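# Close look at the chain arrangement
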Amino acid sequence: MLTDLAAACRKSGLPVTEIDGWRTRGHGSLSAVETIACHHTATPKSAAGDYPSLRVVRDGRSDLPGPLSQLGLGRDGTVYVIAAGVAYHAGATFTTAQDNWHAIGIEAEHDGVSPWPPAQYAAYVRLVAALCEHYGLAPARALGHKEIATPKGRKIDPNFDMIQFRSDVTREIANLRALRRKPIRRTLRKITTAIQQAKADGYTGLADALKKNRERARKNHAR
Ligand SMILES: [Zn+2]
């Protein structure tokens, strides 16, 4: 079970709501995480609340038992963690790497017709970027249901341009990495100041030791 899923989602910086029982919910465990599958719920706009599709995504429909997706994305960009196990979101796919045993599904609350609220689209990009980073996937592994479903044309979701989406995800991954590097930059600057001070005071041995420490810190971070 993907019991690290909530932690992975929190790396996006988005608000995360854990739905009771998510850690043990699923049709067994995934074999591996090889795809992030993007969906929209096609729930009418008139349905009230941030994530009115929660019940059906968690519990399923009369013809398909839940969970129907591991994750939900609300209208305001809140992430709902629903299941750590296999969810029935993909159906028949072109490759094994895209199927329900290898793909994390995200069901975003959207009617499939209206323009996407910019905040929700931005949240979608950030969530997928965080998941790609956490599970070591290239942005090319973020695919729309419409791209993986067979036969071709069986699904239309999500109704935005996936090529643009993946390019947005790529940019967001670079942003996430830059954010992570910030604290180490501050630390390295402090060590450099200390080296200069040690040299100015004539403590060359100390300056050399600090230089070695700075190198070690750099290497550890790059790992
Ligand atoms: Zn779908």
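Residues numbered from 1 in each chain as written. Predicted model: local features only at pLDDT ≥ 70, side-chain atom pairs only at ≥ 80, totals over all residues.

### Side note on the nonpolar core
One finds I36, L71, L127 and V128 to be the most contacted residues of the largest nonpolar core, which totals 44 residues. Elements represented by at least two residues in this core include exactly α1 (5-10), β2 (35-40), β5 (71-73), β6 (79-81), β7 (103-108), α3 (118-135), β8 (142-144) and α5 (162-200). With nine residues, the top contributor of residues to this core is α3. Look past the residues within four positions of L127 in its chain and what remains in contact with it is C9, S12, L14, L73, V79 and I106. (Core = buried A, V, L, I, M, F, W, Y, C linked by C-beta atoms within 7 Å. Buried ≥ 20, exposed ≤ 12 C-beta atoms within 10 Å, placed from the backbone. Helix = DSSP H or I, 4+ residues; strand = E, 2+ residues; numbered from the N terminus. Contact = placed C-beta atoms within 7 Å.)

### Topic: the sheet that holds strand β1 (residues 16-18)
With respect to topology, six strands assemble into an open sheet ordered β1-β6-β5-β7-β2-β8, the strand pairing being mixed. Here the strands that pair on one side only, and so sit at the sheet edges, are β1 and β8. Neighbour to neighbour, the strand axes of the sheet diverge by 25 degrees on average, direction disregarded. Across six bridges, β2 lies against β7 in parallel orientation. When the bridges of β7 are listed, H40 appears paired with A108. (Pairing = 2+ DSSP bridges. Axes fitted to C-alpha atoms, helices over the stretch in contact; angles between N-to-C directions.)

### Comments concerning α3
With 18 residues, α3 ought to run about 26 Å at 1.5 Å a step, and its terminal C-alpha atoms sit 26 Å apart, in line with that. Among all positions of α3, only A123, Y124, V125, R126, L127, V128, A129, A130, L131 and C132 are buried. Residue G136 follows α3 closely and has a positive phi angle near 65 degrees. (Expected span 1.5 Å × (residues − 1).)

### Some thoughts on unusual backbone geometry
Along the chain, G66 connects to P67 via a cis peptide bond; the corresponding omega equals 5 degrees. Mapped onto the secondary structure, P67 falls in the loop between β4 (64-65) and β5. Here the residue pair D157 and P158 is connected by a cis peptide bond, since its omega of -10 degrees sits within 30 degrees of zero. Within the secondary structure layout, P158 lies in the loop between α4 (145-148) and α5. The backbone of A42 sits at a positive phi, close to 65 degrees, despite the residue not being glycine. Locating A42 in the fold gives a position in the loop between β2 and α2 (54-59). Judged by local crowding, A42 falls into the partly exposed class, with 16 C-beta atoms found within 10 Å.

### Structural notes on the domain arrangement of the chain
Assigned domains within the chain: domain 1 (5-160) and domain 2 (182-222). Distance between the C-alpha centres of domain 1 and domain 2: 45 Å. (Domains from an automatic or database assignment.)

### Considering the packing of α3 against α5
Running from amino to carboxyl end, α3 crosses α5 at an angle of 65 degrees, the nearest separation of the two axes being 8 Å. Between α3 and α5 the crossing geometry is right-handed. Contacts between α3 and α5 involve V125, R126, V128, A129, A130, C132 and E133 on the former and, on the latter, F165, D168, V169, E172, I173 and L176. When grouped by side-chain class, the residues that make up the contact of α3 with α5 number nine nonpolar, no polar and four charged. (Left-handed = near helix turned anticlockwise from the far one by under 90°. Nonpolar A, V, L, I, M, F, W, Y, C, P; charged D, E, K, R; others polar.)

### Topic: α5
Every α-helix winds through 3.6 residues per turn, so residues three or four apart in the chain are directed the same way. In this model, α5 (39 residues) spans 56 Å end to end at C-alpha, consistent with the 57 Å of a helix rising 1.5 Å per residue. Remark: the principal bend of α5, roughly 30 degrees, maps to K182, with a proline, P183, within the next four residues. What α5 keeps buried is the set F165, R166, D168, V169, E172 and I173. Two residues or fewer past α5, G202 is found with a positive phi of approximately 85 degrees. (Bend = angle between axes of the 7 residues up to and from the residue.)

### Focus: the pairing of β2
Among the six residues of β2, six are classified as buried, and the element is accordingly described as predominantly covered. Side chains T35, A37 and H39 project from β2 onto one buried face, and the interleaved I36, C38 and H40 project onto a second face that is buried too. Bridge analysis of β2 against β8 gives three bridges, and the strand direction is parallel. Paired with C38 across the two strands is G144, which belongs to β8.

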